[in-house]
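Residue-level structural notes
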Amino acid sequence: MADNKSLVIDPSWSVYSAAVNTVLLAAEQFGAKRDELLSRAAIAPSILDIAENTIPIEKYFRLFALAEDAIKNPDIGLVAGRISYLSGLNLQLYMTTICHTFRDYLNRIPSTIKLWGDVGEVHIRPDGDYIRLEWCPLMPSTGNTRYMSDAILAASAGIVDGLCYLPVQVRRACFTYAKPANITQLCETFGPNLNFDAEVSCLYLDRACLDYPLVVQNYKVQHGAAIPFSNLFDGKNPSDKFWPRLHQAIVRRLPDGELKIESVASDMNISSRTLQRRLAERNSHFTAEIKKIRAELAVRYLEDETLSITDVAFLLGFNDQGAFSNAFKQWHGISPRNYQQAVIIGI
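In what follows, the accompanying structure is described. Computed from a predicted model, the values in this text were never measured in an experiment. (Residues numbered from 1 in each chain as written. Predicted model: local features only at pLDDT ≥ 70, side-chain atom pairs only at ≥ 80, totals over all residues. Heavy atoms only, no water.)

What follows covers the packing of helix H13 (residues 286-302) against helix H15 (residues 321-332). Each pair of packed helices can be described by the angle between their axes along with the distance between the axes. Between H13 and H15, whose axes approach to 10 Å, the crossing angle comes to 100°. Judged on the interaxial angle alone, H15 and H13 are roughly perpendicular. When H13 is examined against H15, the residues Lys291, Arg294, Ala295, Ala298, Val299 and Leu302 are found in contact with a partner set consisting of Phe324, Phe328, Trp331 and His332. Residues that form the contact of H13 with H15 fall into these classes: 7 nonpolar, 1 polar and 2 charged. (Axes fitted to C-alpha atoms, helices over the stretch in contact; angles between N-to-C directions. Helix = DSSP H or I, 4+ residues; strand = E, 2+ residues; numbered from the N terminus. Parallel < 35°, antiparallel > 145°, perpendicular 65-115°, else oblique. Contact = heavy atoms within 4.5 Å. Nonpolar A, V, L, I, M, F, W, Y, C, P; charged D, E, K, R; others polar.)

What follows is the structure, encoded as structure tokens:
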């Protein structure tokens, strides 16, 4: 079993239960017993029922190590990474509605910390004819544990090759851990060009892929509502092309976080002063439009059961789930969780 005693762990750090579930799903594929693993890791099964619940990071790493030991398969991180990629496909599909190229996507996708918890981040760095997707763990002491590097890089490889019309091949994969006795599964996941005992775990991709267009999804949420632009200007003159242009630019920029009028105006190929003037001519202003769009999109996104509240918070540009929950209560008088539950039972 991987040595957890050598890990330097901050007791205040945690991961979302969704990340824990991917480890359990991976272990179950090889015959491990879910309840037994949770018991040994001291994780209450009920906490996993809600994706936004958190588990102390120490228990997460303990679970990963226990799972690897239980199934006697050091490739468990690769399986967990693939499951993470597949379970996050709905968020990726939403991203293709607001991003045009792979470069757009990389500039807008949330950090690993927002999606998984306090594990680390993937940084994008140029390197000649390549770009590097580097795994940077919050705890450097986890760098030599296979499962975390494998999980993050396997999920990243799946995402980058699944979003573009053209295939995006991993040209080289580097790992901070020593070369395993069996690298068959690593080669199947990343290709034959593997390097071990590297300074950083990373993937090398052709730099040209930054300009690859993303697959266009005709994506629909439940109840037949289109995402995300077709009904965003209810009550406004449909012949006035300003509104759909403005709302499309705002929705594209929402995941950036702090939304500024300059960036939206730039997407519309006008100056911020011109945008302010056109809004004033229509008896509106920038912050009012952002609030209305966020409030309406929040409802539509929450009606899609495949998106977690964390996913919705990101898509709307909130730093965390708590900030989004507070805003949603102000808009609609109910918490996002209670709204989702009401939709599920049809009240």
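Below, the discussion takes up the sheet that holds strand S6 (residues 194-195). Whether parallel or antiparallel, the strands of a sheet pair through hydrogen bonds between backbone atoms. Taken in spatial order, the 5 strands line up as S3-S4-S7-S5-S6 in an open sheet, and their pairing is mixed. For this open sheet the edge positions go to strand S3 (120-127) and S6, each flanked by a neighbour on one side alone. The pairing of strand S5 (residues 170-174) with S6 spans 2 bridges and is parallel. From the neighbouring strand, Ala173 faces S6, where its bridge partner is Leu194. (Pairing = 2+ DSSP bridges.)

The next subject is a nonpolar patch on the surface. Taken together, the side chains of Tyr165, Leu166 and Val216 present a nonpolar region at the surface, about 340 Å² in accessible area. Its relative accessible area of 43% is what places Leu166 among the partly exposed residues. (Patch = residues over 30% accessible without salt bridge, like charges linked within 9 Å, V, L, I, M, F, W, Y side chains within 5 Å. Areas by Shrake-Rupley, 256 points an atom, 1.4 Å probe, with all protein chains shown as cover. Salt bridge = Lys/Arg side-chain N within 4 Å of Asp/Glu carboxyl O. Buried < 20%, exposed > 50% of the residue type's maximum accessible area, 1.4 Å probe, protein only.)

Here we take up the environment of Ala19. With respect to the secondary-structure elements, Ala19 resides in helix H1 (residues 17-28). Each C-alpha atom, one on Ala19 and one on Ile83, is 9.8 Å from the other, the two residues being 64 residues apart in sequence. Not counting residues up to four positions away in its chain, the partners in contact with Ala19 are Tyr60 and Trp116.

Relative to the assigned elements, Pro180 resides in the loop between S5 and helix H9 (184-190). Through-space distance from the C-alpha of Pro180 to that of Phe196 is 8.9 Å; in sequence the pair is 16 residues apart. Those residues in contact with Pro180, other than ones at most four positions away along the chain, are Arg146, Leu186 and Phe196.

A word on the environment of Leu25. With respect to the helices and strands, the residue Leu25 is situated in helix H1. A relative accessible area of 35% means that Leu25 is categorised as partly exposed. Considering only alpha carbons, one finds Leu25 and Ser84, 59 residues apart in sequence, at a separation of 9.8 Å.

One non-glycine residue, Ala42, lies in positive phi territory at about 60°. Mapped onto the elements, Ala42 comes out in the loop between helix H2 (34-40) and strand S2 (54-56). The partly exposed category is assigned to Ala42, whose relative accessible area is 48%. Phi angles above zero are rare outside glycine, and Asp197 is one such case at about 55°. Within the secondary structure layout, Asp197 lies in the loop between S6 and strand S7 (201-206).

Within this model, the second largest pocket holds a volume of roughly 350 Å³. As for the second largest pocket, its lining consists of 18 residues, of which Ala154, Ala157, Gly158, Glu188 and Thr189 are closest to the centre. Mapped onto the lining of the second largest pocket, the elements with two or more residues apiece are helix H4 (76-87), helix H8 (146-163) and H9. With 5 residues, the top contributor of residues to the lining of the second largest pocket is H8. (1 Å grid on protein atoms, 1.4 Å probe; cavity = no way out; pocket = protein on both sides within 12 Å on 5 of 7 lines; lining within 4 Å. Points joined across faces, edges and corners; volume = space filled by probe spheres on them.)

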